Amino acid sequence: MIGLISATAAGAAARDRLAAAWPERTRVYDGPVADAVRRAFAECEQLVCFLATGAVVRLVAPLLGDKASDPGVVCVDEGGRFAVALLGGHGGGANELAREVGESLAAEPVVTTATDAVGIPSLDTLGLPFEGDVAGVTRALLDGEPVALEAEVAWPLPPLPLSDEGALRVRVSDRAGEPAAGEVLLRPPTLVVGVGASKGAPVEEVLGLVEETLAEAGLSVHSVAGLATVDAKSREPGIVGAAARLGVPVVTYPAEELAGVEVPNPSDAPLAAVGTPSVAEAAALIGGGELLVPKRKSTARPAMATCAVVRRPGRGRLAVVGLGPGARDLLTPRAEAELRRASVLVGLDQYVDQIRDLLRPGTRVLESGLGAEEERARTAVAEARKGQAVALIGSGDAGVYAMASPALAEASDDIDVVGVPGVTAALAAGAILGAPLGHDHVSISLSDLHTPWEVIERRVRAAAEADIVVTFYNPRSRGRDWQLPKALGILAEHRTPATPVGVVRNASRPDESSRVTSLGTLDPATVDMMTVVTVGNTATRNIAGRMVTPRGYRWQEEPK
């Protein structure tokens, strides 16, 4: 919950705007300001104070505990011009809150945390449990000192300016042990603990078995991703309670799936009880990985719990990112976040240039020229298979005539794939032209580089006969000048010469140009590869210079 505190009418007005925007996330604290701050500080994870920063500093100073538990505090000035992350920038989430408040109130977020200022991810914000000298190692990174990376297990980290050697170190490990001096230990969730339990098994017995097993194997409890078991045990109090104490989820599988997993220690007892010869080992192994600890029983008499431990290697991550049609304000926040998360960026050189300034220091860029789509797809997948966090970029939406299809055809289920949608050229052109896509519409590429013209022509003819609005991608190039006239001729067999046609070049870019013409007057020679051509259907009209394809609402047909 976010506590909102104000002292003046101007502050209260901004406070109420934020409360209205975030009704489920916020709580307004009224009354004397000092009392309101004390109550909110004790009850909320974050505070937004519509007060001067000096006043807030004096009010929260007596309340401070430590950075791991203090709430994040953001200050917004009386004029609503700035949202200042004052306290708990990372641990309390104030930096991100300042950005969110700024977006909601049209205020400028002010973040002074050193790592944010220079674009280096903070080691305590990577989403992994951490131990050790975070402040010292971070300071070394900021000062440009060499900091070594030792990855005992692979995990897709964001870009960090780490090297092979250095007096200080970041170690990625699921092994138990204390961090050395000048070291930060990152604990990736690589361990899956399979658990079986008899009905009524105590929480203490299940939890004790898990913790003892991990300790004896030299494994860190902080790297446990979850407890895995059979569906029949999904509500077993001992398993559910142990998972809650460990702060991890319970993942369950049907008995028939577990029965199909080859294990070293099958048993007749679970087969008779729940329908599979193995619960602990099979549940841990079902997602693949290395069996580090075979099935073992608790020491209670009778033993009511079993467990096994598997290490699943860190899966690489491939984000296929659509950059939109070119304008920076049409690049989605999700796309921008993925670009900053990626440690490896793969893309066409001219697209890389568009977003190079958004990349974090240390991002490895693999760029190539036109015509290397399949090579880029293979490269991106190969880097993800190495355990990297990869972003593969394309213009518009990466799934529309872009990089998603060749990349996903290359990828298998050994990596995680995330699709990030983008604004397509057809949508950008449609918004410029008016509302040409107001009813059914189709996009067709006229490039026969990868698709035989016979197939393209059949699709154009089908769209013409079905009276569907058509947007042509790749309409004409120096070496391909006959396909567009041919396609327009097919449409003209079913539509009048007066049918509106929109022509948009470089949609959303500084040299954007557009015009609305007609099927009978469009000169194909004025079109090139940077152009999108949208041909209306028989209902499309030119209204005040804009293309409009009506939805066919009944009320629009009623006489006035």
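For clarity, every value in this text was computed on a predicted model and none was experimentally measured. (Residues numbered from 1 in each chain as written. Predicted model: local features only at pLDDT ≥ 70, side-chain atom pairs only at ≥ 80, totals over all residues. Heavy atoms only, no water.)

> Just to check I follow, could you spell out the overall build of the protein for this structure?
Counting its regular elements, the protein contains 19 helices and 28 strands. Referenced to the eigenvectors of the C-alpha coordinate spread, the extents of the protein come out at roughly 90 × 70 × 60 Å. Every one of the 560 residues in the protein was classed for burial, and the buried ones make up 46%. Once local pairs closer than 6 in sequence are excluded, the contacts in the protein between residues at least 24 apart make up 64%. Of the roughly 26,400 Å² that the protein leaves accessible, carbon and sulfur atoms contribute 52%. (Helix = DSSP H or I, 4+ residues; strand = E, 2+ residues; numbered from the N terminus. Buried < 20%, exposed > 50% of the residue type's maximum accessible area, 1.4 Å probe, protein only. Contact = heavy atoms within 4.5 Å. Areas by Shrake-Rupley, 256 points an atom, 1.4 Å probe, with all protein chains shown as cover.)

> What is the right way to look at the packing of helix α7 (residues 203-216) against helix α8 (residues 237-246) in this model?
When two helices pack together, you describe them by how their axes are tilted relative to each other and by the distance separating the axes. It is the contact of α7 with α8, at a shortest axis distance of 8 Å, that shows an interaxial angle of 55°. By the angle between their axes, α7 is oblique relative to α8. Relative to α8, α7 is oriented so that their crossing is right-handed. Across from Val203, Glu204, Val206, Leu207, Val210 and Glu211 in α7, the residues of α8 making contact are Pro237, Gly238, Ile239, Gly241, Ala242, Arg245 and Leu246. Its residues placed into classes, the contact of α7 with α8 shows 8 nonpolar, 2 polar and 3 charged. (Axes fitted to C-alpha atoms, helices over the stretch in contact; angles between N-to-C directions. Parallel < 35°, antiparallel > 145°, perpendicular 65-115°, else oblique. Left-handed = near helix turned anticlockwise from the far one by under 90°. Nonpolar A, V, L, I, M, F, W, Y, C, P; charged D, E, K, R; others polar.)

> Would you mind going over the pattern of salt bridges with me for this structure?
One side chain can pair with another of opposite charge once the charged atoms of both are near each other. Going through the model one piece at a time under the given rule, you end up with 28 salt bridges. With its nearest N and O atoms 2.8 Å apart, the salt bridge here joins aspartate 174 to arginine 311. Here aspartate 174 is found in the loop between β9 (168-172) and β10 (183-186), whereas its partner arginine 311 is found in strand β15 (residues 305-311), with 137 residues between them in sequence. Note on accessibility: aspartate 174 and arginine 311 belong to one class, buried. Several salt bridges share partner residues, and in doing so they unite Glu150, Glu152, Arg169, Arg171 and Glu183 into one network. (Salt bridge = Lys/Arg side-chain N within 4 Å of Asp/Glu carboxyl O.)

> Sorry, what's going on with the sheet that holds strand β28 (residues 546-548) here?
Working definition: the strands of a sheet are paired by backbone hydrogen bonds and lie parallel or antiparallel to each other. Strand order across the open sheet formed by 3 strands is β21-β28-β27, with mixed pairing between neighbours. Two strands lie at the open edges of the sheet, namely β21 (434-435) and β27 (541-543), each paired on one side alone. Pairing geometry for β27 and β28, over 3 bridges, is antiparallel. In the sheet register, isoleucine 543 faces β28, and the bridge partner there is arginine 546. (Pairing = 2+ DSSP bridges.)

> Before we go on, may I ask you to explain helix α4 (residues 94-105) in this structure?
For an α-helix, 3.6 residues make a turn, and residues three or four places apart therefore share a direction. When the terminal C-alpha atoms of α4 are compared, their 16 Å separation across 12 residues agrees well with the 16 Å that a helix rising 1.5 Å per residue should span. Considered for burial, the residues of α4 that qualify are Ala94, Asn95, Leu97, Ala98, Val101, Gly102 and Leu105. End-on, the buried residues of α4 take up no more than an arc of 160°, which puts them together on one face. Directly beyond the C-terminal end of α4, a positive phi value near 60° is found at alanine 106. (Expected span 1.5 Å × (residues − 1). Arc of directions from axis to C-beta.)

> Before we go on, may I ask you to explain the sheet that holds strand β1 (residues 2-6) in this structure?
Read across the sheet, 6 strands follow the order β2-β1-β3-β4-β5-β6 without closing on themselves; strand pairing throughout is mixed. Edge positions in the sheet fall to β2 (26-28) and β6 (108-110), since each of these pairs with one other strand and no more. Taken over all neighbouring pairs, the strand axes of this sheet differ in orientation by 25° on average, direction set aside. Strand direction decides the pairing type here: strand β4 (residues 72-76) and strand β5 (residues 82-87), joined by 4 bridges, are antiparallel. Pairing of valine 76 across the sheet is with alanine 83, part of β5. Contacts from helix α3 (residues 53-60) reach β3 (46-50), β4 and β5 within the one sheet, and its direction differs from that of β5 by about 25°. Against the sheet, α4 makes contact with β1, β3, β4, β5 and β6, and its axis sits at roughly 165° relative to β5, the strand it touches most.

> Got a minute to help me understand the packing of aromatic side chains in this structure?
The description of two aromatic rings rests on the distance between their centres and on the angle between their planes. In total, this model carries 2 aromatic pairs according to the counting rule given. Look at tyrosine 401 and tyrosine 473: their rings are 4.8 Å apart centre to centre, the planes differ by 55°, and that puts the pair in the tilted class. One end of the pair, tyrosine 401, is in the loop between β19 (389-394) and α15 (404-410); the other, tyrosine 473, is in strand β23 (residues 469-473), with 72 residues separating them in the sequence. A relative accessible area of 10% places tyrosine 473 in the buried class. Measuring from ring centre to ring centre gives 5.1 Å for tryptophan 453 and tryptophan 482, while their planes differ by 70°; the resulting arrangement is edge-to-face. Here tryptophan 453, found in helix α17 (residues 453-465), pairs with tryptophan 482, found in the loop between β23 and α18 (483-492); they are 29 residues apart in sequence, far enough to count as distant. A relative accessible area of 10% places tryptophan 453 in the buried class. (Phe/Tyr/Trp six-rings, centres within 6.5 Å; stacked < 30°, edge-to-face > 60°.)

> How do you make sense of the environment of alanine 34 when you look at a structure like this?
With respect to the helices, strands and loops of the structure, alanine 34 is situated in helix α2 (residues 33-43). When the C-alpha atoms of alanine 34 and alanine 55 are compared, they prove to be 9.7 Å apart, with 21 residues separating the residues in sequence.

> So what exactly am I meant to see when it comes to the pairing of β23 here?
Every regular strand shows the same layout, with side chains that alternate between the two sheet faces. Across the 5 residues of β23, 5 count as buried, placing the element largely inside the fold. What you see with β23 is no split at all: Val469, Thr471 and Tyr473 on one side and Val470 and Phe472 on the other are buried throughout. Bridge count for strand β22 (residues 441-445) against β23 is 5 bridges, and the pairing is parallel. Paired with serine 445 across the bridge in β23 is tyrosine 473. Regarding topology, α17 serves as the crossover connection from β22 to the parallel β23, and that connection is right-handed. When β23 meets strand β26 (residues 531-535), the two strands line up antiparallel, connected through 3 bridges. Bridge assignment links phenylalanine 472 to a residue of β26, and that residue is valine 533. (Right-handed = clockwise from strand over helix to strand, strands pointing away.)

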